[in-house]
Structures are given as structure tokens and as C-alpha cells.
Amino acid sequence: MLDPKSIRLELDSTAIKLRKKNFDLDKDKITGLEHHRKTLQLETESLQNERNLKSKAVGKAKAAGEDVSDILSGMDALKSELDQKKQQLEGLQDQMQGYLLRVPNIPSDDVPEGKDESNNKMIDSWGTPRKFEFEAKDHAELGENLKEGLEFSTATKLTGSRFVVMRGGIARMHRALIQFMLDTHSLEHGYTEFNVPYIVNEASLKGTSQLPKFEEDLFKLHHDPSYYLIPTAEVPLTNMVRGKILQPDSLPLKYTAHTPCFRSEAGSYGKDTKGMIRQHQFEKIELVQIVKPENSEEALEELTSHAEIILQKLELPYQKVILCGGDLGFGSAKTYDLEVWLPSQGMYREISSCSSFTDFQARRMQARWRNPNTGKPELVHTINGSGVAVGRALVAIMENYQEKSGHIRIPAVLKKYMPSMDYLE
RNA sequence: GGAGGGGUGGCAGAGCGGUUUAAUGCACUGGUCUUGAAAACCAGCGAGGGUGAAAGUCCUCCGUCGGUUCGAAUCCGACCUCCUCCGCCA
């Protein structure tokens, strides 16, 4: 959420900045609500003041053994007026809050202009796509042709579309990828490894800004109060600092976890229906950093490089793209996507997305640190990214490491997790 | 599942209907003293919001939501959560 005060004071310039993100700020609505709020709040607070003063007077009078009926006269009228104003004020504040929770974060100045993904800018690339002396197959075909591989029809029987069963060696490689990534981030990149709940409450999803706007993307459980399956480990990892005031020397916090992620994929009908590119359930290694505001830009660069190192160690060609304003996620101020080469599609596909949320999530979570220069609690900045998506990494390995026979060569860095295996057959 | 006890500022911890503008301690900040440091002493120090040019001033907040009352951290109800004991269990 944006700072309500600065929206109020810089309404026009905020609206202009948000236009870069294809968002039209309803200035009239804000001005109107704000005007009413101001008068109502003044009236309400002065009534509260009056009530407080009278109540204190009653206390004093009673202590002195005096009659209090004079003070109490007119109290009923005051109370009912106060009740009414209070209710109106609450209604207004709820409306304002409800609207502000649906206003996206302001993009950074260095984010390129653009309407949609076609305006994203490639800023770096690594590796060279392999030349095949035969026609490269896609991962779904490769997986289904393995003796022990991907079973989409079994998963459809068990659940429905957009799920997969992995059997034998491929399940093992999936697990090896998880081990490899967690080991790299925790042992080499300085992240603390976590194991977290896969079910979270509403407050957590509000904190990282999946709610209230994107409820239809989530799987909601039958439970009172509401529980949801996590769409990403960003939610539990980031919300660990919700409501906290952190000591300056404890920052930056660097957290990582492997979790399944559950997404309803509402609105993606017809997209990537084949294979395991877009599933209702997939696994991901998540990287989260909680940093001082002054460090957030370099933290995003660092975190992105940590995801890149995974792809480099796996020897998968990729490119790094900066998202344009129109393609940026709701809470993100700046996002780098890492896109891995998929030979069957002849193109680069997203495998990691690394974003800086500046203070957008921190304000919703009230996650703060004590700034020694001011002595005051101030909002932290939050950064997160995938390091990287496991299912898509598996897809990329299958396609990039395939042999003419349909066997999949095992990448060197995974061998210690898959001893005595050279190929998936 | 049963019984009991808790949730108060960064932390610890008092308060249990009206000088609470939440005691006190620790931590923190500034000062005195000291060659320097420690100790001691003095002073300051919760969060959010409104209003104001500022000084200031007002409102809200004691797990959450609701209720009683002129007045609630304090009383009542529900819920969340933590701890202890018993039972059950991977």
C-alpha cells in the first residue's frame, strides 16, 4: 500500500507515476472521500474530547461528594451524536482503505515505459543455445516417453487438469534440483533455510498484497477463519517480520525456503495447457530479503544474481529482462525476469521473477526497523524472487539436455544428488 | 479432547472501574564526572493518526471483535493465541 499521506499531498504526481503502470488513480474519489473524512474526523474527535472531559469531571465530583446530575444532563444526546458520527467516519475510512489497498505500487524511475510484455527490455544474456543435430522434442513428449517419467493422465485421474505425476528417476531429479538450490543459497549465498506452513491466514496474504485484490488466484480452504494455500513461499517468508520492529544490526535478513505453490490459474484458460509449464501445484525455491531502504536497490541486484547463479551452474542459457511499467506486478516497484531457453519452443520462458517492493508490503505488514539516526521505527524494504522455479528448471533440463535417443543427460552439479546415474532413460 | 493459568511499550514487568498524561527495571539517547572507559548521578525516551507555519493541541491503541458504563487495560461475552498438567496420536 502507498502512503496515504503522500497520496493526499502529491495526488497529481502520484497519478502520473501510476499511469506508467496502466493504472488510473481515481483522483475525484480520493479527494471527495478525503474531504468528508476531514470534517467528520474533526467533529468526531471534538465530541470524544467533550465526552472525555465530562467523564473526568464526574469522577472528580463524585470523589468530592458533589452532585453530578448537572454534568450528566445532555450526555445521552452527546453519546448518540457521537455514535452516529463515529459510524459514518468508520464507513468512510473503510471505503478509503478499501480503495487504497487496490492501488498498486509506484514503479521505479528506471523502469521502462510500456503497455505490456512486448515492451520489456532484455538487458543481459548468458550461454548459447545448443545446436541440435536432430529435432528437439518438448519436455512433455520426452517425459512421457521415458520408462519412468512424467504421467499427465495419471494426475488427471487423481485430480484434474494442470497436475502431473513424476515417477522414478524424474521424481529423483526434481528432488535433486531442490537440494542443489537450497544448498547453494544457504551455504554459498548466506540465506537462512526455512521450512514453513503451506497454509496461511488472511492477514499474511494481505501483508504481501495477494489480498484483497487477487483472491480468485488463490485456493481457499473450508475453514473459519479463512485459510489459503500459499501461492508462493514469499507469503510465509516475508510475513515472518509482520508487526515487528527490527534492530538495525539484524538487517539484512536473507531467507530461503522450498515449498509447493498453489495457484488457481484463473484467467489463464488456453495458456500453456500442454506439459508442466503452468500447473495448479508446482514447487519453487524462494529468496526473500528484508533490508534497510537505502540498500534495497543493490539487494535486488544481488538477489537476482543469486537466481542467475543457479541457472549458470545448471548450464542453462538464459536472458535477463527488466519488466516495463505495464507488465509489472501489482506490488512491485521493479522486476527482473530470468527467462530460460526452451529449444522446443525456440524461445526464452520465465523461470524466475525478482522484485523490489520498496515499502509497499512493509506498510501493509507494519514491518519496521529502528533507524539509529532518527531513533524512530521506519518501514523496511522487501525484496523477493524465485531461485528458481523447480518444475520449470526440470523442463529446461529435459529439453536442453536431451539426446537423440530421448534420454536426458544429468547436469554435472546434480550428480552428487543422483549418484551412479548419468541419464534418465 | 479434558482441567487450570496467561497475552500490557524494543524487552522484562506492575496496574484489575475515575490524578494512568500506563509505575518500575533493562536497553537506548544526551549530559555531569574521568587521561580514557566502566560505574555512579542527572535528563530524555511507546505506537498510529488528525490539526496547525510552528510551538502546541486533540483523538485512538494494553491479543481480536462485540457488550455493560457518564467513564474500561481493568467488568461481561465470543474468538484467536501461548504456557502447565492429563488423555490420545504420526
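Rules used throughout
Residues numbered from 1 in each chain as written. Chains lettered and ligands numbered in written order. Predicted model: local features only at pLDDT ≥ 70, side-chain atom pairs only at ≥ 80, totals over all residues. Heavy atoms only, no water. Buried < 20%, exposed > 50% of the residue type's maximum accessible area, 1.4 Å probe, protein only. Helix = DSSP H or I, 4+ residues; strand = E, 2+ residues; numbered from the N terminus. Pairing = 2+ DSSP bridges. Contact = heavy atoms within 4.5 Å. Patch = residues over 30% accessible without salt bridge, like charges linked within 9 Å, V, L, I, M, F, W, Y side chains within 5 Å. Areas by Shrake-Rupley, 256 points an atom, 1.4 Å probe, with all protein chains shown as cover. Salt bridge = Lys/Arg side-chain N within 4 Å of Asp/Glu carboxyl O. Axes fitted to C-alpha atoms, helices over the stretch in contact; angles between N-to-C directions. Left-handed = near helix turned anticlockwise from the far one by under 90°. Parallel < 35°, antiparallel > 145°, perpendicular 65-115°, else oblique. Domains from an automatic or database assignment. Near = heavy atom within 4 Å. Polar contact = N/O pair within 3.5 Å; in protein donor to acceptor, adjacent residues only side chain to side chain.

Peer 1: Got a minute to help me understand the pairing of strand E16 (residues 381-389) in this structure?
Peer 2: Looking down a regular strand, the side chains alternate between one sheet face and the other. Burial runs high along E16: nine of the nine residues are buried. Alignment of strand E10 (residues 281-291) against E16, held across seven bridges, turns out to be antiparallel. Its bridge partner lying in E16, Glu286 is registered against Ser386. Alignment of strand E13 (residues 347-356) against E16, held across three bridges, turns out to be antiparallel. The residue of E16 that forms the bridge with Ser356 is Ile383.

Peer 1: What is the right way to look at the sheet that holds strand E6 (residues 220-221) in this model?
Peer 2: In any sheet, the strands associate via hydrogen bonds between backbone groups, in a parallel or an antiparallel arrangement. Pairing within the open sheet is antiparallel, and its three strands lie in the order E5-E7-E6. Either end of the sheet is taken by a strand with one partner, and the two such strands are strand E5 (199-201) and E6. As defined by bridge partners, E6 adjoins strand E7 (residues 227-229) across two bridges and the pair is classed as antiparallel. For Lys220, the partnering residue across the bridge sits in E7 and is Tyr228.

Peer 1: What should I look at first to understand the environment of Met1 in this one?
Peer 2: Mapping Met1 onto the fold places it in the segment before helix H1 (4-9). On the accessibility criterion, Met1 (9% relative accessible area) is buried. Put simply, Met1 and Thr208 are 207 residues apart on the chain and 9.7 Å apart in space, counted from C-alpha to C-alpha. If sequence neighbours within four positions are ignored, Met1 has contacts with Gln97, Leu100, Leu101, Phe360, Arg363 and Arg364.

Peer 1: Got a minute to help me understand a nonpolar patch on the surface in this structure?
Peer 2: Taken together, the side chains of Tyr198, Ile199 and Tyr227 present a nonpolar region at the surface, about 240 Å² in accessible area. Taking relative accessible area as the criterion, Tyr227 reaches 32% and is therefore assigned partly exposed.

Peer 1: Explain the packing of helix H3 (residues 27-63) against helix H5 (residues 75-100) here, please?
Peer 2: Packed helices, taken two at a time, are described by their axes: the angle between them and the distance between them. At a closest axis distance of 9 Å, the pairing of H3 and H5 adopts a crossing angle of 145 degrees. The way H3 lies across H5 gives a crossing that is left-handed.

Peer 1: Is there a simple way to explain the packing of helix H8 (residues 169-188) against helix H11 (residues 296-313) in this structure?
Peer 2: Packing of H8 against H11 leaves a shortest axis separation of 11 Å and a crossing angle of 130 degrees. By the criterion of interaxial angle, the relationship of H8 to H11 is oblique. Between H8 and H11 the crossing geometry is right-handed. Every residue of H11 that contacts H8 at Phe180, Met181, Thr184, His185 and Glu188 is listed here: His306, Ile310 and Lys313.

Peer 1: Hey, could you run me through the sheet that holds E10 in this one?
Peer 2: The mixed open sheet is built from eight strands, whose spatial order is E1-E11-E12-E13-E16-E10-E9-E4. Two strands bound the open sheet, and with one partner strand each, they are strand E1 (121-126) and strand E4 (192-194). The mean inter-strand angle of the sheet, taken between neighbouring strand axes irrespective of direction, is 25 degrees. Along the sheet face, H11 touches E1, strand E9 (253-262), E10, strand E11 (318-322), strand E12 (334-342), E13 and E16 and points at about 5 degrees away from the line of E16. Set on the sheet, helix H13 (residues 390-400) makes contact with E10, E12, E13 and E16; between it and E16 the angle comes to about 35 degrees.

Peer 1: Would you mind going over the domain arrangement of chain A with me for this structure?
Peer 2: Here chain A is described as being made up of domain 1 (26-100) and domain 2 (117-424). Look at where the C-alpha atoms of domain 1 and domain 2 centre, and you get two points 49 Å apart.

Peer 1: Explain the protein's contact with RNA strand B here, please?
Peer 2: Arg8, Gln48, Asn49, Ser55 and Met75 are the nearest of the 22 residues found near RNA strand B. By atom count, sugar and phosphate contribute 80% of the portion of RNA strand B lying within 4 Å of the protein. Here a sugar or linking oxygen of RNA strand B sits 3.1 Å away from a polar atom, N or O, in the side chain of Gln41. Arg51 is positioned such that a nitrogen or oxygen atom in its side chain is 3.0 Å from a phosphate oxygen of RNA strand B.

Peer 1: Would you mind showing me how to read the pairing of E10 here?
Peer 2: By the criterion of burial, E10 is predominantly enclosed, with nine of the 11 residues buried. Across 10 bridges, E9 lies against E10 in antiparallel orientation. Residue pairing in the sheet places Lys254 in a bridge with Gln289 of E10.

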